[in-house]
Amino acid sequence: MFELKWLWQNLEGDRSRYILALILSVVGSSLTIVNPYISQRIVDTFISGEHAMQNLTQERGLLIMLCLGMIGFTLLRTGLAYLTTMQYEQASQNMLYRIRIFLYNKIQGQDMEYYDRNRTGDLMTKMTGDLDMVRHSMAWIIKTIIESLTIFIAAVVYFFSIDVELTLWLLILSPPIFIVAYIFAKRVRPMYVDLRERLSQLNTITQENIAGNRVVKAFAREDYEVEKFTEKNVNYAKANKAAALVWLDYFPYLESFAQAFNVILMLVGGLFVMNGRITFGEFAAFSSLIWAVSNPMRNIGIIINDIQRFFASLSKIVDVYYARPHIVNEHNAIDKRRYDGRIEFDHVSFKYDNVKVLDDVSFTVEPGETVAIMGSTGSGKTTLINLIPRFYDVSEGRVLVDGTDVRKLELDELRGNIGVATQDVLLFSDTIDGNIAFGDPDLPEEDTVKYARLAAAHDFITRMPEGYDTIVGERGVGLSGGQKQRIALARAMAVRRPILILDDTTSAVDLETEEHIQQSLRELDHPCTKIIIAQRVSTTAQADRILILDGGRLIEEGTHAELLAKRGYYYEVFMLQNEGIGRQVSAHGKE
Ligand SMILES: Nc1ncnc2c1ncn2[C@@H]1O[C@H](COP(=O)(O)OP(=O)(O)OP(=O)(O)O)[C@@H](O)[C@H]1O
């Protein structure tokens, strides 16, 4: 069975501990029959037997021994139960720890497409609730099944040793119980798969609402969000109730069967005692152990429910566990090279789910060149730069870095040669210093300050009460949009990579600050090819070359002056911006 094989595989390192736990479970549960056996001896010898009175006076030692034996076995069972639970807990916790790390690495190793397809709330549910369910199954469900089964078998064997016929009478109830349990399990399984899906939706809504609380507040959409959440919450609660209530349809049958064990024992066992077929002590042994046969029937519902939850959770974990990114690191380089920074797009086309967003794009950027990319919104600029570090792979054509197709380069090496400041600025909940040094944790403090200066961030950072030690909130909360962009820019520059990609990184800063940043970029103290996506002519004007994208096609390419002379898209933007903002950028790129 795949699920059990998977669990076994992931128990590596704790297998002996888990086997020990299973053995202890079996031994501890088998001991359950010892006390009923001793009770039987006590009843037959000292209470109801022919010579009971005589034994009571003459065999007191034996009686005391039997009583002490009962206490001893009770203590032994308690000790074993403690030890067993500890082994189960340790093995399952260790397993959980290992799988969680594995899954975390797996998620880290996925490509952008995976993140496009998977919801954060769902991934969070997999990493928390689903994993806990799997642990619970190892520590509790399997333990309960093994122990119930052992107690059941031990009791049945013991019953057989006392009286075969009476035992068979009792076992008559087993087939209908298993049929009912089977029907219940089949019915409830899809309900738990559905329940798991609804929980994931609930978590997704919660996560999105918390992450986007500013937008919600800005649009005063709290009521709408509460309504949306309530709807998902009600759905989840309904599904939960429905799954729990199914049990009630079957519960009366199973409970009746469980009670019927006692009735059969009373009727048949009582008859057998009366006609002397079994002793009163043997009847007492049956009576004190009948729970070992009926209790597993009572618990069957809880166990089946948990097993179904386990299957639903495991199938979700397995999705992540075996997920294979399309973009993989196949070429392991031992020494990581530093590239020259030559970039070439050779007839590149790209599709997102069959929708073409880049169409036959070709251009070359020589090492050290600065190329600006401009184009209307949705024209494919971000998509284009995403192909260089292989966030996505081309659908047609080739992207080459230093003359080699990026698909043939070692992925870490390739990405280790590129510094990126993305359009959506994400800062971590850390100090400003920690955020700037994110790509290079060994960055000396003076370098942090140097790159913050280059990114025109130093002044506002030093004005903050804690300076570089100021903790910025989640996603950089507490900073303005322009401030966040400047920290992200400092972070991208601080890694000193031979290729620097800036996706609209200065859109939220004022023009003076932008001029400072442009100056810094021109004067970087290491050789660097720069690709800058920008909407402002003031940003693009001094680039070595400007590429204009429109509907995924490269429609214009040239220097500022050349493109102005062409009187095409760039010229129009130039005119519009110069008129609009009253700032003069001349035809030669100088202000
Ligand atoms: N992950 C994605 N899945 C599917 N389609 C996408 C995805 N990302 C972008 N697109 C689509 O691809 C097209 C190009 O998007 P892209 O982000 O590259 O444009 P852009 O030129 O950078 O736009 P902007 O200037 O607004 O940032 C758009 O039509 C967009 O809807």
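About the criteria used
- Residues numbered from 1 in each chain as written.
- Predicted model: local features only at pLDDT ≥ 70, side-chain atom pairs only at ≥ 80, totals over all residues.
- Helix = DSSP H or I, 4+ residues; strand = E, 2+ residues; numbered from the N terminus.
- Rg over C-alpha atoms; globule rule 2.2 N^0.38 Å.
- Buried ≥ 20, exposed ≤ 12 C-beta atoms within 10 Å, placed from the backbone.
- Contact = placed C-beta atoms within 7 Å.
- Pairing = 2+ DSSP bridges.
- Near = placed C-beta within 6 Å.
- Nonpolar A, V, L, I, M, F, W, Y, C, P; charged D, E, K, R; others polar.
- Core = buried A, V, L, I, M, F, W, Y, C linked by C-beta atoms within 7 Å.
- Domains from an automatic or database assignment.
- Axes fitted to C-alpha atoms, helices over the stretch in contact; angles between N-to-C directions.
- Parallel < 35°, antiparallel > 145°, perpendicular 65-115°, else oblique.
- Left-handed = near helix turned anticlockwise from the far one by under 90°.
- UniProt positions renumbered as here; feature names shortened; annotations may be inferred.
- pLDDT = per-residue confidence, 0-100.

(A) Geometry of the overall build of the protein chain. A tally of helices and strands in the protein chain yields 22 helices and ten strands. For 591 residues, the compact-globule formula gives about 25 Å, and the C-alpha radius of gyration of the protein chain, at 36 Å, lies well above that figure. Principal-axis analysis of the C-alpha atoms gives the protein chain an extent of 120 × 45 × 45 Å. Within the protein chain, the proportion of its 591 residues that are buried is 33%. A sequence separation of at least 24 residues applies to 79% of the contacts in the protein chain between residues at least 6 apart.

(B) Structural view of the sheet that holds strand E2 (residues 355-365). Read from one edge to the other, the open sheet built from four strands follows the order E2-E1-E4-E5, with strand pairing classed as antiparallel. Each edge of the open sheet carries a strand with a single partner, namely E2 and strand E5 (404-405). By the bridge criterion, five bridges tie strand E1 (residues 343-352) to strand E4 (residues 396-401) in an arrangement that is antiparallel. What sits directly across from Glu-344, in E4, is Leu-400.

(C) The arrangement of the environment of Pro-325 in detail. Following the sequence through the fold, Pro-325 ends up in the loop between helix H12 (280-321) and E1. Judged by the 14 C-beta atoms lying within 10 Å of it, Pro-325 falls in the partly exposed class. When the C-alpha atoms of Pro-325 and Gly-109 are compared, they prove to be 7.2 Å apart, with 216 residues separating the residues in sequence. Ignoring anything within four residues of it in the chain, the contact list for Pro-325 reads Gly-109, Gln-110, Asp-111 and Tyr-114.

(D) Focus on the site of the ligand. In the vicinity of the ligand, the contacting residues are Asp-116, Tyr-352, Val-357, Gly-375, Thr-377, Gly-378, Ser-379, Gly-380, Lys-381, Thr-382, Thr-383 and Gln-423. If you tally residues by element for the shell around the ligand, the top one is helix H13 (residues 381-386), at three residues. A class-by-class count of the residues in the shell around the ligand yields two nonpolar, eight polar and two charged.

(E) Structural view of the pairing of E2. Bridge count for E1 against E2 is seven bridges, and the pairing is antiparallel. Pairing of Lys-351 across the sheet is with Lys-356, part of E2. In textbook terms, the turn of a hairpin is the stretch between consecutive antiparallel strands, and for E1 and E2 this stretch comprises two residues, one of which, Asp-353, has a positive phi near 45°.

(F) Layout of the nonpolar core. Core analysis: the largest hydrophobic core is formed by 67 residues, its most contacted members being Ile-373, Ile-388, Ala-455, Leu-489, Ala-490, Met-493 and Ile-501. The element that contributes the greatest number of residues to this core is helix H18 (residues 481-494), accounting for seven residues. Residue contributions to this core reach at least three from each of two domains, namely domain 2 (340-417 + 498-508 + 526-591) and domain 3 (424-496). Non-local contacts of Ile-388, meaning those with residues more than four positions away in its chain, are made with Ile-343, Val-399, Val-401, Val-406, Ile-418 and Ile-501.

(G) Representation of the packing of helix H3 (residues 34-47) against H12 within the structure. The interhelical angle for the contact between H3 and H12, taken along N-to-C directions, is 150°, at an axis separation of 8 Å. By the angle between their axes, H3 is roughly antiparallel relative to H12. The crossing of H3 and H12 is right-handed. Side by side, H3 and H12 meet where Pro-36, Tyr-37, Ser-39, Gln-40, Arg-41, Val-43 and Asp-44 of the first sit next to Phe-280, Gly-281, Glu-282, Ala-284, Ala-285, Ser-288 and Leu-289 of the second. Broken down by class, the residue content of the contact of H3 with H12 amounts to seven nonpolar, four polar and three charged.

(H) Examining the packing of helix H7 (residues 120-162) against helix H9 (residues 174-211) more closely. Packing of H7 against H9 brings their axes to within 7 Å, and their N-to-C directions diverge by 120°. The pairing of H7 with H9 is recorded here as oblique in orientation. Here H7 runs over H9; the crossing is right-handed. Residues Thr-120, Gly-121, Asp-122, Met-124, Thr-125 and Gly-129 of H7 form the contact with H9, whose participating residues are Leu-199, Ser-200, Asn-203, Thr-204, Thr-206 and Gln-207. Taken together, the residues of the contact of H7 with H9 break down into two nonpolar, nine polar and one charged.

(I) The arrangement of the UniProt feature "transmembrane region" (unreviewed entry) in the protein chain in detail. In this structure's numbering, the residues bearing the UniProt feature "transmembrane region" (unreviewed entry) are residues 18-38, 62-83, 140-160 and 166-185. Helix makes up 90% of residues 166-185 and strand makes up 0%, while its end C-alpha atoms are separated by 30 Å.

(J) Main features of the confidence of the model for the protein chain. When pLDDT is averaged along the protein chain, the result is 86, and 96% of the positions lie at 70 or above. Within the model, the stretch residues 581-591 combines pLDDT values under 50 with 18 contacts to residues more than four positions away or in other chains. With a pTM of 0.73, the predicted complex shows an ipTM of 0.93.

(K) Spotlight on the domain arrangement of the protein chain. Domain parsing of the protein chain yields domain 1 (2-321), domain 2 (340-417 + 498-508 + 526-591) and domain 3 (424-496). Measuring from the centre of the C-alpha atoms in domain 1 to the corresponding centre in domain 3 gives 52 Å.

(L) View of unusual backbone geometry. Of note, the phi angle at Asp-353 is positive, near 45°, even though the residue is not glycine. With respect to the helices and strands, Asp-353 occurs in the loop between E1 and E2. For Asp-353, a count of 7 C-beta atoms within 10 Å translates into the label exposed. Phi at Arg-390 takes a positive value of approximately 60°, unusual for a residue other than glycine. Within the secondary structure, Arg-390 sits in the loop between H13 and E4.

(M) Looking closely at the environment of Ala-242. The topology assignment puts Ala-242 in helix H11 (residues 222-274). Here the alpha-carbon distance between Ala-242 and Leu-195, two residues 47 residues apart in the chain, equals 9.5 Å.

(N) A look at the sheet that holds strand E9 (residues 545-550). With respect to topology, six strands assemble into an open sheet ordered E6-E7-E8-E3-E9-E10, the strand pairing being mixed. With partners counted over all chains shown, the strands left at the sheet margins are strand E6 (418-421) and strand E10 (553-558), one partner each. Shown here is a sheet whose adjacent strand axes are inclined to one another by a mean of 15°, direction ignored. In this fold H18 packs onto E6 and strand E7 (499-503), with an angle of close to 180° to the strand it touches most, E6.

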